[in-house]
Amino acid sequence: RWADAEALLDEALGSLPADSDLLYLRAQARARNGRPLGDALADLAAARSGSGFSRYSARDAAALQAELLVRERRWKEALAAVSPPFPGAAVDPALRLVRAKALALSGDKAAYLEEIRSSIDRFPDDPSFPRLFLSRVGAVPGSAAERAIGEAIVSRIRRYAEADPE
């Protein structure tokens, strides 16, 4: 299905080569079709500098760009894609989650833990941040910061269960 979408988007971009929405969608299709991530990243760069978004947004493109860069193990570029001064980065849970992933994988443990802690406080009903933290911390949190985050998660476990039963 994504292969069909990619072909249709190629055709549409033949007529509207700078359409940001079409470029964003083709980047998604290329990434899902297993195409080289460089092709999808090029589409996202073109989308952000293209004719402007109408249905999607620069935020959507930045989040996808960061996710793809994390897959490529290009942590600094991923962080740059979703970090302030990008408009709305501080209050957007999707951008904050990608940022937390990039920080975790980059090895900057202190910044990662601060991102998780502040995101849990800012988005108390979003189970994505506790899920990421618990997937990385192991069975027993080691540092005082990890224990504090673990305690905050446990104190909100019912809220998370209601938001996401899995």
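Here is what the cut-offs are and how they apply
- Residues numbered from 1 in each chain as written.
- Predicted model: local features only at pLDDT ≥ 70, side-chain atom pairs only at ≥ 80, totals over all residues.
- Heavy atoms only, no water.
- Core = buried A, V, L, I, M, F, W, Y, C linked by side-chain atoms within 4.5 Å.
- Buried < 20%, exposed > 50% of the residue type's maximum accessible area, 1.4 Å probe, protein only.
- Contact = heavy atoms within 4.5 Å.
- Helix = DSSP H or I, 4+ residues; strand = E, 2+ residues; numbered from the N terminus.
- Salt bridge = Lys/Arg side-chain N within 4 Å of Asp/Glu carboxyl O.
- Phe/Tyr/Trp six-rings, centres within 6.5 Å; stacked < 30°, edge-to-face > 60°.

J.: Tell me about the nonpolar core, and name the residues and values.
T.: The biggest cluster of nonpolar side chains holds 39 residues, and the ones touching the most others in it are Leu44, Leu68, Tyr112, Ile116, Ile120, Phe133 and Ile149. Each residue touching phenylalanine 133, except ones within four places of it in the same chain, is listed here: Tyr112, Leu113, Ile116, Glu146, Ile149, Gly150 and Ile153. Leu9, Leu13, Ala29 and Ala47 belong to the second largest nonpolar core, which has six residues in total.

J.: Mind laying out unusual backbone geometry, listing which residues take part and the relevant values?
T.: You will see that arginine 73, though not glycine, has its phi angle at about 65°, which is positive. Along the chain, the position of arginine 73 falls in the loop between helix H4 (58-71) and helix H5 (75-82).

J.: Account for the pattern of salt bridges, with residues named and values stated.
T.: Using the criterion set out here, one finds 16 salt bridges in the structure. For the salt bridge of arginine 99 with glutamate 115, the shortest nitrogen-to-oxygen distance reads 3.0 Å. Note that arginine 99 is positioned in helix H6 (residues 93-106) and glutamate 115 in helix H7 (residues 109-122), a separation of 16 residues in sequence. Connected via shared salt-bridge partners are Glu6, Asp10, Arg26, Arg30, Arg35 and Asp43.

J.: Can you lay out the packing of aromatic side chains for me, pointing to particular residues and giving the numbers?
T.: Scanning the model with the defined rule gives two aromatic pairs in all. Each ring, one from tyrosine 24 and one from tyrosine 56, has its centre 4.9 Å from the other, and the planes form 40°; the classification is tilted. With tyrosine 24 in helix H2 (residues 20-32) and tyrosine 56 in the loop between helix H3 (37-48) and H4, this pair connects stretches of sequence that are 32 residues apart. Given a relative accessible area of 26%, tyrosine 56 falls into the partly exposed group. Arranged with centres 5.8 Å apart and planes meeting at 15°, the rings of phenylalanine 123 and phenylalanine 129 form a pair that is stacked. Exposure remark for phenylalanine 129: the relative accessible area of 0% places this residue in the buried category.

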